[in-house]
Structure formats: C-alpha cells, structure tokens
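Survey of secondary and tertiary structure
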Amino acid sequence: QLQLQESGPGLVKPSETLSLTCSVSGGSISTKSYYWGWIRQPPGKGLEWIGSMFYRRTTYHHPSLKSRITISVDTSKNQFSLKLRSVTATDTAMYYCTTAYGSAHPIDSWGQGILVTVSS
Amino acid sequence: QSVLTQPPSVSAAPGQRVTISCSGSSSNIENNLVSWYQQFPGTAPKLLIYENRKRPSGIPDRFSGSASGTSATLGITGLQTGDEADYYCGTWDSSLSAGVFGGGTKLTVL
C-alpha cells in the first residue's frame with residue numbers, strides 16, 4: 001500500500017487557483033496499477049469525488065468541476081497534483097489525495113488530508 | 001444532494017447487528033461495483049468493502065456487503081463502541097462518467 005502526503009497552501013483567496021501536490025512513497029507513480037485521484041470533504045459534510053488520472057494520460061473529472069480542474073502527474077518527483085481555478089467559498093474543504101484500483105473506486109490509499117480555506 | 005442515498009444515521013446496541021443501505025440507480029449501483037468506507041472524526045476514510053462484498057486484508061468478517069439491483073447494503077454484526085463512525089458507499093456513475101458517494105451514515109452504538 002502506498003503512502004500519500006498532500007501539501008499546499010491552507011488559505012486561498014476567492015477567484016484564485018487552488019494548487020495541491022500529493023507526494024507518493026512506497027511505489028512509483030509510473031505504475032499502471034492505480035488511478036491517482038482527489039476527494040474533498042467540506043467541513044461537517046460528506047465526501048465529494050473530484051477526479052482521477054490513469055498512467056499520465058486518461059483523466060476523469062466530476063462534471064460539476066470539470067471546467068475548473070486539472071490533474072497532472074510529475075514522474076520526476078513521484079508526485080501528482082490538483083489545480084482548481086476560480087475558487088469560491090464553496091470550495092473550502094479538506095482535500096485528500098488517493099489511489100484507486102478503478103477510475104474512482106475502490107480507494108485503497110488516502111493521504112491524511114489538507115484543509116483548504118477560501119477566504120479573502 | 002448526493003447521487004447515492006444513505007440514511008443520515010443508524011443506531012444499535014453493542015453486540016447487535018446493523019445494516020446501512022445505499023440506494024442508487026441503473027447508471028451507478030445496478031451496473032457498477034460498490035465500495036464502502038469507514039471514517040472516524042478527524043481522520044481520512046478507510047476502505048471497508050470493495051466489489052460489493054469483498055473485504056480488504058485486516059477488515060474483520062463482522063463487516064459484510066451486498067448489492068442487488070439499484071441498492072447496496074453494508075452489514076455490521078457484533079457491534080462495538082469502536083465501530084461508531086461515519087460510513088459512506090461509493091461507486092462509478094456511468095451517466096456522469098464520474099465517481100459518486102452516498103451522503104454518509106453516522107453509526108451510533110448505544
């Protein structure tokens with residue numbers, strides 16, 4: 001099982017871009033075994049699937065976020081990242097990076113999560 | 001409004017059995033495999049059940065899963081106070097081409 005660790009700013013201003021990175025240890029991000037993904041959870045609410053990427057090429061995005069998100073992989077750093085553009089207060093959430101055996105599920109590894117607050 | 005519908009809360013006494021339902025549609029549960037996750041406050045979720053009924057290594061057989069038609073069910077027997085957590089179902093939705101989750105169910109062990 002891989003170990004995942006999110007990093008990035010905890011505070012982002014409205015209309016700006018949220019950028020998070022997930023560092024992978026215990027395996028190579030170049031493997032074809034996993035989908036690399038992102039999940040978020042607004043404070044006190046349920047889980048929301050954001051999107052995933054497979055083998056640096058195929059990506060899937062939640063339709064409600066599709067126009068604003070980019071998921072990418074950096075094999076040189078064994079990391080993958082999420083960019084969410086034009087954020088508003090509704091994007092305030094705990095963001096988890098994940099690995100899954102399918103395009104979305106089952107998710108077998110989770111990072112510890114990073115709380116991102118959108119506020120001026 | 002979640003694509004998958006779960007009861008907001010369930011409760012039962014220690015030692016008893018509880019089931020948590022997850023209701024969907026032909027575009028998700030009926031034609032895709034369901035996973036279940038357990039989440040304690042302040043921690044990341046953990047995979048409990050995958051492919052409707054399989055348990056990852058280390059998950060006790062007190063936890064079970066099933067699916068039929070447009071619904072899935074998580075069962076927990078021999079309830080323990082340590083099972084108090086939020087439980088989420090999840091699957092792929094072929095119409096949305098996206099992953100979806102239920103709204104979550106808070107389990108209270110009285």
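Since we're looking at a predicted model, the values are computed, not measured. (Residues numbered from 1 in each chain as written. Chains lettered and ligands numbered in written order. Predicted model: local features only at pLDDT ≥ 70, side-chain atom pairs only at ≥ 80, totals over all residues. Heavy atoms only, no water.)

Secondary structure summary: chain B contains zero helices and nine strands in total. Its helices and strands in sequence order give chain B the pattern β-β-β-β-β-β-β-β-β, from N to C terminus. Its C-alpha atoms give chain B a radius of gyration of 13 Å, within 12% of the compact-globule value 13 Å for 110 residues. Expressed as lengths along the three principal axes of its C-alpha atoms, the size of chain B is roughly 40 × 25 × 25 Å. Sorting the 110 residues of chain B into buried and exposed places 45% on the buried side. A sequence separation of at least 24 residues applies to 56% of the contacts in chain B between residues at least 6 apart. (Helix = DSSP H or I, 4+ residues; strand = E, 2+ residues; numbered from the N terminus. Rg over C-alpha atoms; globule rule 2.2 N^0.38 Å. Buried < 20%, exposed > 50% of the residue type's maximum accessible area, 1.4 Å probe, protein only. Contact = heavy atoms within 4.5 Å.)

Let's shift gears to empty space enclosed by the protein. All names here are of chain A. Here the structure, examined in full by the defined rule, presents one cavity of 30 Å³ or more. Considered as a void within the structure, the largest cavity measures approximately 30 Å³ in volume. Lining the largest cavity are Y35, G37, I39, W49, G51, S52, T98, A100, S103, A104 and I107. Considering only residue class, the lining of the largest cavity consists of six nonpolar, five polar and no charged. (1 Å grid on protein atoms, 1.4 Å probe; cavity = no way out; pocket = protein on both sides within 12 Å on 5 of 7 lines; lining within 4 Å. Points joined across faces, edges and corners; volume = space filled by probe spheres on them. Nonpolar A, V, L, I, M, F, W, Y, C, P; charged D, E, K, R; others polar.)

Below, the discussion takes up the layout of surface pockets. Looking at the largest pocket, its volume works out to about 480 Å³. In terms of lining, the largest pocket is formed by 19 residues, of which the most central are A:G46, A:L47, A:E48, B:Q1 and B:S2. Elements with a contribution of two residues or more to the lining of the largest pocket: β5 (48–54) of chain A together with β8 (98–101) of chain B. Sorting elements by how many residues they give to the lining of the largest pocket places β8(B) first, with three residues. Class assignment of the residues belonging to the lining of the largest pocket gives a composition of seven nonpolar, nine polar and three charged. Estimates place the volume of the second largest pocket at around 320 Å³. As for the second largest pocket, its lining consists of 20 residues, of which A:Q41, B:Q39, B:P41, B:G42 and B:D86 are closest to the centre. Of all elements in the fold, only β9 (93–100) of chain A together with β7 (85–93) and β9 (105–109) of chain B reach the threshold of two or more residues within the lining of the second largest pocket.

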